[in-house]
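Listed below, chain by chain, are the residues.
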Amino acid sequence: MGEEHIKIETPFIRLDALLKFAGAVETGGEAKLLIQDGGVKVNGQSCAMRGKKLYPGDRAELDGQIFVVE
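Sequence order as written defines residue numbering, which begins from 1 separately in each chain. Side-chain atom pairs in this predicted model are given and counted only at pLDDT of 80 or more, local residue features only at pLDDT of at least 70, and totals for whole chains, interfaces and linings cover all residues. Calculation of side-chain values draws on the structure's entire complement of heavy atoms; hydrogens and water are dropped beforehand.

Student: Quick rundown of the sheet that holds strand β4 (residues 45-46)? Include the residues and the values.
Tutor: Across a sheet, strands are paired by hydrogen bonds formed along the backbone, either parallel or antiparallel in direction. The rule for pairing is simple: two strands pair if DSSP sees at least two bridges between them. Each helix corresponds to a stretch of at least 4 residues labelled H or I by DSSP, and each strand to a stretch of at least 2 residues labelled E; elements are numbered beginning at the N terminus. One open sheet accounts for five strands, arranged β1-β7-β6-β3-β4; its pairing is mixed. Two strands close off the open sheet at either side, each with one partner strand: β1 (2-6) and β4. Sheet topology places strand β3 (residues 40-42) next to β4; two bridges connect them, and they run antiparallel. Residue Lys41 lies in a different strand from β4, and its bridge partner there is Ser46.

Set out below in structure tokens:
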């Protein structure tokens, strides 16, 4: 568990793409189900939008693992 910093080269990254890019899930379908079931928090609040745009400074949390967008 802990915090992992994810550096992006674009202005934003979608939540489902972040989880896949960070290796938290293996497929986009797995990310979709986790997000729809309320298993992911964005900036401390539950988020059910898989297309949620995350910008540098945003934080996503899954099973105690925190992903910080840089």
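That was the structure; now back to the text.
Student: Describe the nonpolar core, listing the residues and the values that go with them.
Tutor: Counting 18 residues, the largest nonpolar core has Leu15, Leu18, Leu19, Leu54 and Phe67 as the members making the most contacts within it. When contributions to this core are tallied by element, the ones reaching two or more residues are α1 (15-21), α2 (28-36), β3, β6 (59-62) and β7 (65-69). Ranked by residues supplied to this core, first place goes to α1 with three residues. Note on definitions: a residue-residue contact is assigned when non-hydrogen atoms from the two residues lie within 4.5 Å. When neighbours within four sequence positions are excluded, Leu18 is seen to be in contact with Ile6, Ile13, Leu54, Ala60, Phe67 and Val69. Buried residues of nine kinds, namely Ala, Val, Leu, Ile, Met, Phe, Trp, Tyr and Cys, make up a nonpolar core once their side-chain atoms join them within 4.5 Å. Only protein chains enter the accessibility calculation, which uses a 1.4 Å probe; a residue is then buried when its area is under 20% of its type maximum, exposed when over 50%, and partly exposed in between.

Student: Summarise the pattern of salt bridges; cite the residues concerned and give the values.
Tutor: By definition, a salt bridge exists where a carboxyl oxygen of Asp or Glu is found within 4 Å of a side-chain nitrogen of Lys or Arg. Taken as a whole, this structure holds two salt bridges when the rule is applied. Where Arg59 meets Glu3, a salt bridge forms, and the shortest distance between an N and an O atom there is 2.8 Å. Of this pair, Arg59 sits in strand β6 while Glu3 sits in strand β1; the two residues are 56 residues apart in sequence, bridging distant segments of the chain. Arg59 gets classed as partly exposed once you look at its relative accessible area, which sits at 33%. Assessed through its relative accessible area of 43%, Glu3 is described here as partly exposed. Linking Asp16 and Arg14 is a salt bridge whose minimum nitrogen-to-oxygen distance equals 2.7 Å. Taking the relative accessible area as the measure of exposure, Asp16 reaches 12% and is therefore buried. Residue class for Arg14 comes out partly exposed when judged on its relative accessible area of 37%.

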